[in-house]
Amino acid sequence: EPEVTQTPSHQVTQMGQEVILRCVPISNHLYFYWYRQILGQKVEFLVSFYNNEISEKSEIFDDQFSVERPDGSNFTLKIRSTKLEDSAMYFCASSPRTGLVYEQYFGPGTRLTVT
Amino acid sequence: DAKTTQPTSMDCAEGRAANLPCNHSTISGNEYVYWYRQIHSQGPQYIIHGLKNNETNEMASLIITEDRKSSTLILPHATLRDTAVYYCIVRPLWGGSEKLVFGKGTKLTVNP
């Protein structure tokens with residue numbers, strides 16, 4: 001069964017450094033998402049992406065964040081200058097969105113630790 | 001904020017049915033009910049969705065009340081691997097936001 005994959009599984013970085021989290025969505029999906037979950041807290045939406053542009057973003061997704069689909073398979077989340085409060089699990093999701101009802105399929109996540 | 005209310009936690013014996021309730025009294029006519037679960041720090045997993053009719057798939061059944069103000073997710077024969085946090089989410093069928101708004105969910109513990 002096709003699944004969303006994410007790399008790396010764990011990333012440790014120093015405050016102020018740039019990080020890129022990578023995701024390979026399910027191959028025939030057209031809509032892509034990033035969510036994050038700070039330890040012990042709710043899963044929070046960051047951004048959705050369709051047709052090579054951001055379709056929606058949350059207040060969390062400020063100028064320090066960017067997303068890109070550099071080729072036909074990868075979907076990346078970049079944090080330009082990491083802060084301690086960026087430490088969280090980051091989940092990528094994709095959706096086929098065929099028709100009006102569509103579910104999102106999540107990857108296993110990348111644990112980002114900012115020291 | 002999430003538009004749903006769920007119990008914080010529930011227990012279930014292995015092999016028995018787990019019935020997880022959800023209140024969504026402000027649901028509007030164009031909103032679906034979705035259920036996801038999250039097994040310990042893994043990515044959320046889609047389970048099932050419905051509009052107004054009862055739905056069943058290989059994972060679970062979803063019972064939605066006639067007034068659509070509440071629903072119940074049923075895992076017919078719970079196993080230890082069903083121990084997870086279960087999220088009930090309402091989301092518009094058309095227009096509106098694409099995002100999933102997760103609440104705190106119900107932590108289901110399946111006991112041997």
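Residues numbered from 1 in each chain as written. Chains lettered and ligands numbered in written order. Predicted model: local features only at pLDDT ≥ 70, side-chain atom pairs only at ≥ 80, totals over all residues. Heavy atoms only, no water.

Focus: the overall build of chain A
A count of helical and extended segments in chain A gives zero helices and eleven strands. Walking chain A from its N terminus toward its C terminus, one meets helices and strands in the order β-β-β-β-β-β-β-β-β-β-β. For chain A, the C-alpha radius of gyration of 13 Å lies close to 13 Å, the compact-globule estimate for 115 residues. Overall size of chain A, expressed as C-alpha extent along the three principal axes, is 45 × 30 × 30 Å. Relative to its full complement of 115 residues, chain A shows a buried share of 44%. For chain A, the share of sequence-separated contacts (at least 6 apart) that also reach a separation of at least 24 residues comes to 54%. Carbon and sulfur atoms form 46% of the exposed surface of chain A, whose accessible area is close to 5900 Å². (Helix = DSSP H or I, 4+ residues; strand = E, 2+ residues; numbered from the N terminus. Rg over C-alpha atoms; globule rule 2.2 N^0.38 Å. Buried < 20%, exposed > 50% of the residue type's maximum accessible area, 1.4 Å probe, protein only. Contact = heavy atoms within 4.5 Å. Areas by Shrake-Rupley, 256 points an atom, 1.4 Å probe, with all protein chains shown as cover.)

Quick word on the pairing of strand β5 (residues 43–50) of chain A
Residue and element names in this part refer to chain A. Burial runs high along β5: six of the eight residues are buried. When strand β4 (residues 31–37) meets β5, the two strands line up antiparallel, connected through seven bridges. Within the sheet, the bridge partner assigned to F32 lies in β5 and is F49. Adjacent in sequence and paired antiparallel, β4 and β5 are bridged by five residues, among which G40 carries a positive phi angle near 85°. In the sheet, β5 pairs with strand β6 (residues 53–57) via four bridges, with the strands oriented antiparallel. Directly across from S48, in β6, lies its bridge partner E56. Following β5, the chain reverses through two residues before pairing antiparallel with β6; N51 in that reversal takes a positive phi of roughly 55°. (Pairing = 2+ DSSP bridges.)

Focus: the interface of chain B and chain A
At the junction of the two partners, chain B supplies 20 residues and chain A supplies 22 residues. A buried area of about 1800 Å², summed over both sides, lies between chain B and chain A, and 54% of it is on carbon and sulfur atoms. At the junction of chain B with chain A, the criterion picks out zero salt bridges. Elements represented by at least two residues in the side of chain B that touches chain A include exactly β3 (31–38), β4 (45–50) and β8 (84–92) of chain B. If one sorts the elements of the side of chain B that touches chain A by residue count, β3 of chain B sits on top with four residues. (Buried area = accessible area lost by both parts, 1.4 Å probe. Salt bridge = Lys/Arg side-chain N within 4 Å of Asp/Glu carboxyl O.)

Regarding the confidence of the model for chain A
Any residue range with low pLDDT should be treated as having predicted coordinates unsuitable for detailed reading. Overall, the prediction assigns chain A a mean pLDDT of 93, with 97% of residues at 70 or greater. Mean pLDDT per element in chain A: β6 of chain A is the minimum at 93, and strand β11 (residues 110–114) of chain A is the maximum at 98. (pLDDT = per-residue confidence, 0-100.)

Some details on the state of the cysteines
Considering all chains together, one arrives at two disulfides over all chains under this definition. The side chain of C23 of chain A participates in a disulfide bridge whose partner is C92 of chain A; the two sulfur atoms lie 1.9 Å from each other. Sign of the S-S torsion, about -65° for the bond between C23 of chain A and C92 of chain A, identifies this disulfide as left-handed. Here the residue C23 of chain A occupies a position in strand β3 (residues 19–24), and C92 of chain A occupies one in strand β9 (residues 88–95), the gap between them amounting to 69 residues. Using a relative accessible area of 1% as the deciding quantity, one classes C23 of chain A as buried. There is a disulfide in this structure between C22 of chain B and C88 of chain B, and the S-S distance comes to 2.1 Å. Disulfide C22 of chain B to C88 of chain B: torsion about the S-S bond roughly -80°, handedness left-handed. (Disulfide = S-S within 2.5 Å.)

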